[in-house]
Protein chains: 2
Amino acid sequence: MATLSDIGVAAAINILSAFAFFIVFAIVRIQPFNDRVYFPKWYLRGLRCSPLRSDAFVSKFVNLDLRSYLRFLNWMPEALQMPEPELIDHAGLDSAVYLRIYLLGLKIFVPITILAFSVMVPVNWTNGSLEHSKFSHSNIDKLSISNIPNGSPRFWTHLVMAYAFTFWTCYVLKREYEIVASMRLHFVASEHRRPDQFTVIVRNVPPDPDESVSELVEHFFLVNHPDHYLTQQVVYNANKLSKLVDEKKKWQNWLDYYQLKYTRNQSKRPTTKTGALSLCGERVDAIDFYTSKIEKLSREIAQEKENTISSSKYIMPASFVSFKTRWGAAVCAQTQQTRNPTVWLTEWAPEPRDVYWANLAIPYVSLSIRRLMVAVAFFFLTFFFMIPIALVQSLANIAEIEKALPFLKPIIEVKVIKSFIQGFLPGIALKIFLIFLPAILMVMSKFEGLISTSSLERRSATRYYLFQFINVFLGSIITGTAFQQLNNFLHQSANEIPKTIGVSIPMKATFFITYIMVDGWAGVAAEILRLKPFIMYHLKNSFLVKTEKDREEAMDPGTLGFNTGEPQIQLYFLLGLVYAVVTPILLPFILVFFGLAYVVYRHQIINVYNQEYESAAAFWPDVHGRIIFAMIISQLLLMGLLSTKEAAQSTPLLITLPVLTIGFHLFCKGRYEPAFRRYPLQEAMMKDTLEKVREPNLNLKGFLQTAYIHPVFKEGDDSDSDSATDEIVEEPVLVPTKRHSRRSTPLPSKHSGSLL
Amino acid sequence: MATLSDIGVAAAINILSAFAFFIVFAIVRIQPFNDRVYFPKWYLRGLRCSPLRSDAFVSKFVNLDLRSYLRFLNWMPEALQMPEPELIDHAGLDSAVYLRIYLLGLKIFVPITILAFSVMVPVNWTNGSLEHSKFSHSNIDKLSISNIPNGSPRFWTHLVMAYAFTFWTCYVLKREYEIVASMRLHFVASEHRRPDQFTVIVRNVPPDPDESVSELVEHFFLVNHPDHYLTQQVVYNANKLSKLVDEKKKWQNWLDYYQLKYTRNQSKRPTTKTGALSLCGERVDAIDFYTSKIEKLSREIAQEKENTISSSKYIMPASFVSFKTRWGAAVCAQTQQTRNPTVWLTEWAPEPRDVYWANLAIPYVSLSIRRLMVAVAFFFLTFFFMIPIALVQSLANIAEIEKALPFLKPIIEVKVIKSFIQGFLPGIALKIFLIFLPAILMVMSKFEGLISTSSLERRSATRYYLFQFINVFLGSIITGTAFQQLNNFLHQSANEIPKTIGVSIPMKATFFITYIMVDGWAGVAAEILRLKPFIMYHLKNSFLVKTEKDREEAMDPGTLGFNTGEPQIQLYFLLGLVYAVVTPILLPFILVFFGLAYVVYRHQIINVYNQEYESAAAFWPDVHGRIIFAMIISQLLLMGLLSTKEAAQSTPLLITLPVLTIGFHLFCKGRYEPAFRRYPLQEAMMKDTLEKVREPNLNLKGFLQTAYIHPVFKEGDDSDSDSATDEIVEEPVLVPTKRHSRRSTPLPSKHSGSLL
């Protein structure tokens, strides 16, 4: 049992390590040669092109201004100074709204903490239940609900507090949803013209024996959206092509490396080996070898490019269809096109840079099978991930290794190595799995076939949260693997489950306090150091960078990482809501996390991260939904806990809480969620009308024609791709059909229209 | 324990009573004076205006053709002769598809019965488990799964059969869904022009200080659907008016009655009393009294009509908006109009005769509260309905009555009355409740605020099914009130529940066989007699009917009654699927029900029922969903049953069954359900184009202008309502706005349009 002083020591250690990170950061960030590591955002926005201070040669690399070392924490107020509208302009709405999640945490938990400390801590403390009991206990337990004797009328305080916390959280959530929804609508409305406002992606175009996909799509939309259809862009399966392009880039890097080596030391031409990993095979001249490789690849790429465009088997039954007006696109995206609801599927096209091109090539029929497979795989990953790890751990057993590989025996028997294998290897297997988990989940989402990066990240975030909820939260409370829990739950009655978990909650408070300090405090402070990009940049800088452009590419600003960051925050919401009534002493630790993380991530968003896409805060319904989920879990667990405390008369009052919360959620879903899923016609019409008045001579077709071309066609030698592009898109508006009219729908002619 | 011979006796009794009903029906239906009771559909369609044979005076009332008595069952082949397309033309798609539910039952259960009898009955029969056991058993149990010893490998047969039945049911369901969906689309496409194809109902129009609802709607749609908007018709709160009209009709009936009485017996003018129920108060001349009453009411109605139209407080924030094309209406119904998703809500307008006018006057904001209230009320109705009935039953106790009302003691002590009270009254309280249950559920659906009769009936059907599932199915299997069951289930673990129910299933087979015979066989045969309409018609005919038109109104053809009929069929699906593997002997009884009901209802649909609306089989997704639900229940219960039979190795194979079934359901939902919810643009465009070509000079506005007027404005004296109608709808297309342009959206002018 951890006492208050134990916690104090742990807190001191973590605060000190956080401070250590900040001091190191303060020192390295003001060194000019690290400028591109810690301020890449400004370079990418073109607002900075070299470190700010650059008078002498030395000061190009090392900061000699001693005063700047004294103000080592002054990045904090700087990070807080930029006002929100400017931040949206600077980093996009996604980032600005992401920061609001931390603020939301503060808004929810600051009043809850104050209330809990002024009301509940005295109520808990002034009992003597634990002192007279035979159980071992600590001061922390004296502050918690455990200290109240069974059947005490004091539980009414906790009940009232549970109501107060629920209402406050709902109030804040509703206000926040409202603000974010209006921010999103305002952002979308005030934005410049973007191709995705006019474009719809249509998938699963049915095959037609007489017409190509491109002609078919053109005809279909000319017939069914005659007044609005503008142009379309079929989707090519360019996965092989982009694989070749990536390969070329890799060889180009090696070529650069050897050329740089040669220019620095002209006495000797660098050599390499032709085999795997440049370790075996014939020794050849490196520059010549890579140059010829790249030339060969360039030829292949050109060939493949031609194939892709000319051969019909590379054309997917999908297309980006653009409309003359936003209204037309909004209509097409929200309606069903044909009798058969599984063909001619239309939805809003993602931003061009948000499109995940590789998945556009997946035939639509296989998507539902893929979804099922991923669901099953995720189930097994969540509940059985311990099995392979336990296997690895058993292999990492000394005796096993000696039996399997007897020749290693003398080495293993060395004491240092032995203790390393015994003490470290089993843990490291789990650690490696947890590090790779987000990547595994991302691979699963990609396999599922989602077509935009933003939706990939959102889906992965949901899965990561579920994994953490089951394996970290429930797993820590009821120790045992997830599968054992599942088995227990199946054999327990519906009202036993909350009791089982509820009872163990107060006992785990100290564990979670330590968890918050290690993962939340020190972890967030470490984030600001950016160790991996720091090392990568300096490696690249010394071996690959020749020109300013190369240096630009060597920067790795990274992104917010919604798929890992948001589930982490949600775990804190969950802990905060669950422990608010049970062990309020945990709340200040969560407050420190939210405050610290807000400052750190605001700094990172302003100076470092470069978002790959802009989804206009499309993730907010997920964020909101998960906080609601945490509230319901906390209410159920409190009900379970109180029912073991012989405070059964409170059960009906506690049952109404989740019902109210679900009702609140349904209300919010109906009221605000459509703003994140659909595009209202009034807004579309307003923007269309304004645009018509302001820019009556706009060539919209020219603007949209090349917007949704696969990036591999855009890159490469420009002349090549341009001609290819022209080939693809410059078709006459009225494609003459090759067949006799089989459908009963004639093309609407001017004549028939005017007769009405 | 019922033996096979007991069942045989019960079957004989029920078959005889069914035959008795048929014979009575055969006799009364061919009497000419009953013609309007048994063939009202033909009168309403205008295909018959008097009984077919009418040579002599006597034969106007009594059929003297003796040969026709011999062919007393010949209505059966007649009912089956009409081909389906003709039936759709005659009675509408709803009725034709409703009959397909019975056919679906035959399609599913005939092969299942054959398979079960050829495979499972021998497997069950050739065991000796029950003979050697100490339990009492009957021959029926020897045919069931109970006869197989625990842990026997023969359970593999049942497992394989469960798979076979599931696959067969899914196959038939899928084929049927496909057929019904295409029937619906074909019906909608081949139909004549109907107002609801062009019309959308918009609800929750936000209040505006400057403009009336009518102007506001007009402006909104002119701005946001400029190319498609045609006209609109605001909704009046005419509930008070229609109440007055109903009252007038009631008095008119009384007046007719007394006038008829007077004409028959001119010697004495009839008198009545002015008080309640004509029992107390002053005695006055009846004809004068009712004439003056009606005159007064007519004046009130005229006054109220004027008020309703002229005063703005009778105008609801809702409107029927019509478009120039089906395409325009389809777009408007499927899209979101404004930023705030809770205002300007658009959905397809129901057919004019399907509109439930009273609910259009409910303000939209109160709908979600009403929905919650109804959900809570339904929960209590389902689980606690026994409490008030038990209360009534305890009051019907002899001792209680004697204590409360001592003066009744001598009467009660009479032996006949005593046994009546003791044996009959407690049962009658429950019976009365069950008779009124559909009406209670209908009132709940009406309170909920659904705006079309068809959706009211669908919602009531869902609730009725749930009630029957919990109180009839589960309630018979685990005897005890629903609340006790709920309590048990909460205290049982998740995998205990199917076991508890599963174990008792084989024991209840005989009970359900009896239930099927009484409710299904004799009940269906009684339906054809139409006792209530028979009595009502002859009462009205003798007291109220003066003219041929009155006689027309005295007919009560009735409707299919989807809200009571469909849940009843579904109970048989549930029983059949649950017992198919467990006690296959139950299946033939269900087959007889489906066959008999199909013939009876086909006869009734052809000759009797007159549907009040045509929803184009919109109920099919509900029917499909409930059969899927029954399948899943049957699979879970089989799993529970087998796990108590020590056939645990089959559990993983049985768990996959519901998973597969749910997967199948999701597939069907995605593939076919949109055909019942949305209107594809391609179809709309096709019909629009065809219509433009065929009828280029169509005056659509004239066709739509009066389509959605409240029926009370249409009835009454025609000249009056017509002028009122004109007043309402003949507004200029461009209503001049009274305010300065506050919105940023100018009306799209021709100029700005042509500049693009």
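For every chain, the first residue of the written sequence is number 1, and numbering continues from 1 along that sequence. Here the convention is simple: chains get letters from A, ligands get numbers from 1, in the order in which they are written. For this predicted model, a pLDDT threshold of at least 70 governs which residues receive local features, and a threshold of 80 or more governs which side-chain atom pairs are given and counted, while totals over whole chains, interfaces and linings are taken from all residues. To get the side-chain values, all heavy atoms of the structure are used, and hydrogens and water are removed first.

UniProt positions are given in the numbering used here, feature names are shortened, and annotations may be inferred rather than shown by experiment. According to the UniProt record, the Sequence similarities (unreviewed entry) comment for chain A reads "Belongs to the CSC1 (TC 1.A.17) family." The record held by UniProt for chain A lists under Subcellular location (unreviewed entry) the comment "Membrane".

Brief notes about the overall build of chain A
Strands are runs of DSSP state E lasting at least 2 residues, helices are runs of H or I lasting at least 4, and numbering of each runs from the N terminus. Counting secondary structure elements, chain A contains 38 helices and 6 strands. Buried, partly exposed and exposed residues are distinguished by accessible area as a fraction of the type maximum, computed with a 1.4 Å probe on protein chains only: under 20%, between the cut-offs, and over 50%, respectively. The proportion of buried residues among the 756 residues of chain A is 51%. Residue contacts follow a heavy-atom distance rule, with two residues in contact if any of their heavy atoms lie within 4.5 Å. Considering only contacts in chain A between residues 6 or more positions apart, those separated by 24 or more positions represent 80%. In the form shown here, chain A has an accessible surface area of approximately 35,100 Å², with 64% of it arising from carbon and sulfur atoms. All accessible areas in this document rest on Shrake-Rupley with a 1.4 Å probe, and a residue is counted as covered only by the protein chains that are shown.

As for the pattern of salt bridges
Any carboxyl oxygen of Asp or Glu that lies within 4 Å of a side-chain nitrogen of Lys or Arg is treated as forming a salt bridge with it. Across all of its chains, the model carries 32 salt bridges over all chains by this definition. Where Asp688(A) meets Arg326(A), a salt bridge forms, and the shortest distance between an N and an O atom there is 3.4 Å. In this pair, Asp688(A) sits in helix α34 (residues 681-694) while Arg326(A) sits in helix α15 (residues 326-334), placing the two residues 362 residues apart along the sequence. Taken individually, Asp688(A) and Arg326(A) each receive the classification buried, so the pair is uniform in this respect. Across the salt bridge formed by Glu683(B) and Arg339(A), the nearest N and O atoms sit 2.6 Å from each other. In this pair, Glu683(B) is assigned in helix α34 (residues 681-694) and Arg339(A) in the loop between α15 and β6 (345-348), connecting two distinct chains. A residue is classified by how much of its surface remains accessible, and Arg339(A), at 32% relative accessible area, is partly exposed. When salt bridges with common partners are traced through the structure, they connect Glu84(A), Arg100(A), Lys107(A) and Glu176(A) into a single cluster.

So, the packing of aromatic side chains
In summary, the pairing rule links any two rings of Phe, Tyr or Trp, Trp by its six-membered ring, whose centres are within 6.5 Å, and it sorts them by plane angle into stacked for under 30 degrees, edge-to-face for over 60 and tilted for everything else. Applying the stated criterion across every chain yields a total of 75 aromatic pairs over all chains. Consider the rings of Phe220(A) and Trp344(A), whose centres lie 3.8 Å apart with planes at 10°: the pair is stacked. With Phe220(A) in helix α12 (residues 213-224) and Trp344(A) in the loop between α15 and β6, this residue pair connects regions lying 124 residues apart in the sequence. For Phe220(A), a relative accessible area of 0% puts it in the buried group. Aromatic pair Trp521(A) and Phe589(A): ring centres 5.7 Å apart, planes at 20°, arrangement stacked. In this pair, Trp521(A) sits in helix α26 (residues 509-527) while Phe589(A) sits in helix α30 (residues 587-607), placing the two residues 68 residues apart along the sequence. Each member of the aromatic cluster is reached from another via a ring pair, and the members are Tyr98(A), Tyr102(A), Phe109(A), Phe562(A), Tyr572(A), Phe573(A), Phe593(A), Phe594(A), Tyr601(A) and Phe619(A). In this analysis the charged atom, NZ for Lys or CZ for Arg, is taken to sit over a ring once it is within 6 Å of the ring centre and within 35 degrees of the ring normal. For the cation-ring pair, Lys250(A) lies above Trp251(A), with the distance from its terminal atom to the ring centre recorded as 5.1 Å. Positioned above the aromatic ring of Phe378(B), the side-chain terminus of Arg463(B) is 5.7 Å from the ring centre.

Some remarks on the UniProt feature "transmembrane region" (unreviewed entry) in chain A
Residue and element names in this part refer to chain A. When the UniProt feature table is mapped to this numbering, "transmembrane region" (unreviewed entry) covers residues 6-28, 101-121, 155-173, 372-399, 419-443, 464-483, 571-601 and 650-668. For the annotated span residues 101-121, helix accounts for 100% and strand for 0% of the residues, and the straight-line distance between the end C-alpha atoms is 28 Å. Annotated as 95% helix and 0% strand, the span residues 650-668 places its first and last C-alpha atoms 28 Å apart.

What about the relation of the copies chain A and chain B?
The two copies are related by a screw motion: chain A maps onto chain B through a turn of 180° and a shift of 0.0 Å along the axis, at an RMSD of 0.2 Å. Considering both components of the superposition, the chain copies are consistent with a two-fold axis. Here 96% of the contact residues of chain A are again contact residues in chain B; the copies associate through an equivalent surface. A least-squares superposition brings the copies together, and it is based on the C-alpha atoms of residues with pLDDT no lower than 70 in both.

Structural notes on helix α7 (residues 93-125) of chain A
Helices are assigned an expected span. That span is 1.5 Å times one less than the residue count. The terminal C-alpha atoms of α7(A), which comprises 33 residues, lie 45 Å apart, in line with the 48 Å expected from a rise of 1.5 Å per residue. For α7(A), the principal kink sits at Phe117(A) and spans about 40°. We define the bend at each residue as the angle formed by axes fitted to the 7 residues ending at it and the 7 residues starting at it.

Thoughts on the packing of helix α7 (residues 93-125) of chain B against helix α31 (residues 620-644) of chain B
Residue and element names in this part refer to chain B. Fitting a line to C-alpha atoms yields each axis, with helices limited to the stretch in contact; the angle taken between N-to-C directions then spans 0 to 180 degrees. At their nearest, the axes of α7 and α31 sit 11 Å apart, and the two run at 20° to each other. With respect to each other, α7 and α31 are oriented roughly parallel. For α7 against α31, the interelement crossing comes out right-handed. Between α7 and α31, the residues in contact are Val-97, Ile-101 and Leu-104 and Trp-620, Val-623 and Ile-627, respectively. When describing relative orientation, an angle under 35 degrees is termed roughly parallel and one over 145 degrees roughly antiparallel, while 65 to 115 degrees is termed roughly perpendicular and anything else oblique. Rotating anticlockwise by less than a right angle from the far helix to the near helix defines a left-handed crossing, while the corresponding clockwise rotation defines a right-handed one.

Let's talk about the interface of chain A and chain B
Interface size is commonly expressed as the accessible area that is lost once the parts come together. In this complex, chain A contributes 51 residues to the contact, which on the side of chain B involves 49 residues. Across the chain A to chain B interface the summed buried area is about 4,700 Å²; carbon plus sulfur atoms make up 59%. It is Gln336(A), Arg339(A) and Gln682(A) that lose the most area in chain A upon contact with chain B, and together they represent 15% of the buried surface on that side. At the junction of chain A with chain B, the criterion picks out 2 salt bridges. Summed over both partners, the accessible area lost on bringing two parts together, with a 1.4 Å probe, is the buried area.

As for the sheet that holds strand β5 (residues 315-323) of chain B
Residues and elements named next belong to chain B. DSSP-based pairing: two strands are paired if at least 2 bridges between them are found. Taken in spatial order, the 4 strands line up as β2-β5-β1-β6 in an open sheet, and their pairing is antiparallel. The open sheet terminates on both sides in strands that have one partner only, identified here as β2 (229-236) and β6 (345-348). Strand-to-strand twist of the sheet, defined as the mean angle between neighbouring strand axes without regard to direction, takes the value 30°. Where strand β1 (residues 199-203) and β5 come together, 4 bridges link them in antiparallel fashion. Paired with Val-202 across the two strands is Ser-319, which belongs to β5. Most of the contacts of helix α15 (residues 326-334) go to β6, to which it runs at about 130°, and overall it touches β1, β5 and β6.

Details of a nonpolar patch on the surface
The residues that make up patches have over 30% relative accessible area and no salt bridge, and they are joined within 9 Å when like-charged or within 5 Å when they are Val, Leu, Ile, Met, Phe, Trp or Tyr. Taken together, Leu531(A), Ile535(A), Met536(A), Leu539(A) and Phe543(A) make up a surface patch of nonpolar side chains, about 470 Å² in accessible area. Relative to the assigned elements, Leu539(A) resides in helix α27 (residues 531-543).

What to know about unusual backbone geometry
Residues and elements named next belong to chain B. Although it is not a glycine, Asn-204 adopts a positive phi angle of roughly 55°. Within the secondary structure, Asn-204 sits in the loop between β1 and α12 (213-224). One non-glycine residue, Trp-344, adopts positive backbone phi at about 50°. Given a relative accessible area of 6%, Trp-344 falls into the buried group.

Points about the environment of Met183(B)
Residue and element names in this part refer to chain B. Of note, Met-183 is situated in helix α10 (residues 155-190). The spacing of Met-183 and Ile-389 is 206 residues in sequence and 45 Å in space, taken between C-alpha atoms. The residues touching Met-183, leaving out its near neighbours within four places in the chain, are Glu-84, Ile-88, Leu-93, Val-97 and Arg-100.

Comments concerning the packing of helix α13 (residues 239-264) of chain A against helix α14 (residues 286-310) of chain A
Between two packed helices, what matters for the description is the angle formed by their axes and the separation of those axes. Residues and elements named next belong to chain A. Following both chains from N to C, one finds α13 and α14 inclined at 160°, their axes separated by 9 Å at the closest point. Classed by the angle they form, the pair α13 and α14 counts as roughly antiparallel. The interaxial crossing formed by α13 with α14 has left-handed handedness.

Side note on the nonpolar core
Nonpolar core, defined: a set of buried Ala, Val, Leu, Ile, Met, Phe, Trp, Tyr and Cys residues in which side-chain atoms within 4.5 Å join the residues together. Membership of the largest hydrophobic core comes to 279 residues, with the highest contact counts inside it found for Phe473(A) and Phe473(B). Other than its neighbours up to four places away in sequence, Phe473(B) contacts Gln468(B), Phe512(B), Leu571(B), Leu574(B), Leu575(B), Val578(B), Ile633(B) and Leu637(B).

A word on the sheet that holds β6(A)
Residues and elements named next belong to chain A. The sheet built from 4 strands is open, its strands ordered β2-β5-β1-β6 with antiparallel pairing. On the outer flanks of this sheet lie β2 (229-236) and β6, each paired with one strand and no other. Within this sheet the neighbouring strands show an average axis-to-axis angle of 30°, counted without direction. Bridge analysis of strand β1 (residues 199-203) against β6 gives 4 bridges, and the strand direction is antiparallel. By the bridge assignment, Arg-203 is partnered in β6 with Leu-345. Strand contacts of α15: β1, β5 (315-323) and β6, with the helix running at about 130° to β6, the strand carrying the most contacts.

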